[in-house]
Amino acid sequence: MRQIRAPRHDPADRPFIVIWEATQACPLACRHCRAEARPDRDPGELSTSEAFDLIEQVAAFGSPPPLFVITGGDPFQRPDLFALVRHGARVGLPVAVSPSGTPTLTSENLTGLTEAGARAISLSLDGSNARIHDDFRATRGVYGWTLDAWRDARELGLKVQINTTVAGHNLTDLPEIVRVVHEMGALTWSAFLLVPTGRGKLLPGLDPHQVEDVLNFVYDAGAHIPARTTEAHHFRRIAVQREILRRHDADHVAALGLGPLYKELRHRLEELELPVRRARRPPMDVNSARGFVFVSHRGTVHPSGFLPTPAGSVRRERLTDIYRNSPLFVGLRDPGRLTGRCGACEFRTICGGSRSRALATSGDPYAEEPWCSYTPGSFPYQDELGAYGALAYE
């Protein structure tokens, strides 16, 4: 079984996924919000006609088309949302929507998305109960709205992705979140490692050893639910390490130096006695500018929604040209540009670290990933890494 999935096409030619921040407007004030959402819509956001043009620019990448995700803020704050989804479906894009957990998340609105041609939605679940989730979202009732929408979406035939921001408020609650995801059913569960941008700058981060424990837990959870990560690219390193260690019947806790947090999370997961899935879905090899592109509500183009440096604007240039040729995008696709431990790491071709977190913490998008504890060359089975797309340590 492959441990890393690669896009079906050259990621330098076309992205696997395009995220469009349709609006910053949102009635919530979540503690980690990247967009620093506001109650009203920005008068400078893309108009309906400009949004239609953006959709056509995404379709211009060709076949197979990128996944087109409409996010926010809260996309339902745009009265033209259904028309935008319909236009995306009309030009052949697989369209997904990432709504906020607000009173707009109704069965009627989800039905409208389905009828317009949306294939999937993503919802946020940052706690296994209302107390934890609603406190993080700073609004009472969000947990209930989210679960109701989750049930409605599944009944309508929409695929549902669940996103969880991993931070100090829910570290030990992660096994219970996995339980909820298993019980409710989802296309995938994504554990998102905080990037200190927007309001997220005010939240305490994890230390690299906690991150290693969490990502190994996410790997364990993948035996029971389809699990992946966001802004945690070293999860791909862990997937390779865990498979090689399994083949050698080696103790991964000792080999990877995992700590008490991992042991607690694993114990709580085992206590749930969840059934084991037939097959584990390998993580996708996608990173900022390498299969991924973000377009802001004003049309500026970024390698990631958490990497604020613009590479151009769809109001002045074509998205295909920005993605393929801008110096920032071209540079971020070159692992030879990485510095520090990332530049020396044998996993740099399949990981590369979070370029967003590197920029946020050092001011340099090519700096080493600050939330990674791995020492390059320390994995004991170096001669086996080439089969997984990694490099032998030099």
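This section reports on the structure supplied with the text. Keep in mind it's a predicted model, so treat the numbers as computed, not measured. (Residues numbered from 1 in each chain as written. Predicted model: local features only at pLDDT ≥ 70, side-chain atom pairs only at ≥ 80, totals over all residues. Heavy atoms only, no water.)

The next thing to look at is the packing of helix H1 (residues 48–59) against helix H2 (residues 81–90). As a packed pair, H1 and H2 sit with axes 10 Å apart at the nearest point and diverge in direction by 25°. As judged from the angle between their axes, H1 and H2 are roughly parallel. Between H1 and H2 lies a crossing of right-handed hand. Every residue of H2 that contacts H1 at Thr 48, Ala 51, Phe 52, Ile 55 and Glu 56 is listed here: Ala 83, Leu 84, His 87 and Gly 88. Its residues assigned to classes, the contact of H1 with H2 shows five nonpolar, three polar and one charged. (Axes fitted to C-alpha atoms, helices over the stretch in contact; angles between N-to-C directions. Helix = DSSP H or I, 4+ residues; strand = E, 2+ residues; numbered from the N terminus. Parallel < 35°, antiparallel > 145°, perpendicular 65-115°, else oblique. Left-handed = near helix turned anticlockwise from the far one by under 90°. Contact = heavy atoms within 4.5 Å. Nonpolar A, V, L, I, M, F, W, Y, C, P; charged D, E, K, R; others polar.)

With that out of the way, let us pick up the environment of Lys 159. With respect to the secondary-structure elements, Lys 159 resides in strand S5 (residues 159–166). Take Lys 159: its relative accessible area is 49%, and that puts it in the partly exposed class. Spatially, the C-alpha atoms of Lys 159 and Ala 367 are 36 Å apart, while their sequence positions differ by 208 residues. (Buried < 20%, exposed > 50% of the residue type's maximum accessible area, 1.4 Å probe, protein only.)

Right, let's get into the packing of aromatic side chains. This model, assessed by the stated rule, comprises seven aromatic pairs. Relative to Phe 329, the ring of Tyr 323 has its centre 5.6 Å away and its plane inclined at 65°; by these criteria the two rings are edge-to-face. The pair formed by Tyr 323 and Phe 329 is uniform in burial state, with each residue classed as buried. When the centroid spacing of 5.6 Å and the interplanar angle of 80° are considered together, the rings of Phe 347 and Tyr 374 count as edge-to-face. Separated by 27 residues along the polypeptide, Phe 347 in the loop between helix H13 (340–344) and helix H14 (355–362) and Tyr 374 in the segment after H14 bring together distant segments of the chain. On the accessibility criterion, Tyr 374 (9% relative accessible area) is buried. (Phe/Tyr/Trp six-rings, centres within 6.5 Å; stacked < 30°, edge-to-face > 60°.)

Let us look at the side chain of Thr 23. Along the chain, Thr 23 falls in the loop between strand S1 (17–21) and H1. The buried category is assigned to Thr 23, whose relative accessible area is 0%. Setting aside anything within four residues of it in sequence, one finds Thr 23 in contact with Arg 41, Glu 45, Thr 71, Gly 72, Gly 73, Asp 74, Pro 75, Gln 77, Arg 78 and His 297.

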